[in-house]
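Coordinates in review
Next come the chains, spelled out residue by residue.
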Amino acid sequence: MWRCRWSCSGRSACCELDCCTRGLGALPLVPEWASILRDGRVVFNIGGNKYRLVVWINYPYRVIYVRFIGTHAQYDRIDAQTI
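A short tour of the structure in this document, coming up. (Residues numbered from 1 in each chain as written. Predicted model: local features only at pLDDT ≥ 70, side-chain atom pairs only at ≥ 80, totals over all residues. Heavy atoms only, no water.)

This part is about the side chain of R52. Note that R52 resides in strand β5 (residues 51–58). Comment: no salt bridge for buried R52; closest opposite-charge side chain is D76, at 5.7 Å. Here N49 takes part through its side chain, which lies 3.2 Å from a polar atom of the side chain of R52. In this structure the side chain of R52 is engaged in a polar contact, spanning 2.8 Å, whose partner is the side chain of H72. Non-local contacts of R52, meaning those with residues more than four positions away in its chain, are made with V43, F44, N45, F68, I69, G70, H72 and Y75. (Helix = DSSP H or I, 4+ residues; strand = E, 2+ residues; numbered from the N terminus. Buried < 20%, exposed > 50% of the residue type's maximum accessible area, 1.4 Å probe, protein only. Lys, Arg positive; Asp, Glu negative; His and termini not counted. Salt bridge = Lys/Arg side-chain N within 4 Å of Asp/Glu carboxyl O. Polar contact = N/O pair within 3.5 Å; in protein donor to acceptor, adjacent residues only side chain to side chain. Contact = heavy atoms within 4.5 Å.)

Spelled out as structure tokens, the structure:
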């Protein structure tokens, strides 16, 4: 069975993705302050939901691309799925 997991320490917003999946079909376990979108995109709520971080995760290569960093108000004006 292929699966991913997040290794987080304490309240830190820094997580390490330990992923051994061979495709985007497997969904990782996600902390409560993050939301999984489709196609490998994840939205992180930072600073008590004051800021948002949108990333695209390439699971097979274990690479994370930052697509957006901004305030909650700026996030409301974008489409997180296409940015």
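Alright, that's what it looks like, and here's the rest.
Two strands pair when backbone bridges link them, and β5 and strand β6 (residues 63–71) are joined in this way by 8 bridges, in the antiparallel orientation. Bridge pairing in β6 places R52 opposite G70. Linking β5 back to β6 in an antiparallel pair, the connection comprises 4 residues, with R62 at a positive phi of about 55 degrees. (Pairing = 2+ DSSP bridges.)

This brings us to the sheet that holds β5. Strand order in the open sheet made by the 4 strands is β3-β4-β5-β6, with antiparallel pairing throughout. Edge positions in the sheet fall to β3 (34–36) and β6, since each has one partner strand and no second. On average, each strand axis in the sheet is tilted by 20 degrees relative to the strand beside it, whichever way the strands run. (Axes fitted to C-alpha atoms, helices over the stretch in contact; angles between N-to-C directions.)

Turning next to unusual backbone geometry. Positive phi, close to 60 degrees, is recorded for D39, a residue that is not glycine. As for its position among the elements, D39 is in the loop between β3 and β4 (41–46). With a phi close to 75 degrees, N49 is a non-glycine residue in the positive phi region. Among the structural elements, N49 can be located in the loop between β4 and β5. With a relative accessible area of 35%, N49 lands in the partly exposed category.

By themselves, these observations are geometric and do not establish any function.
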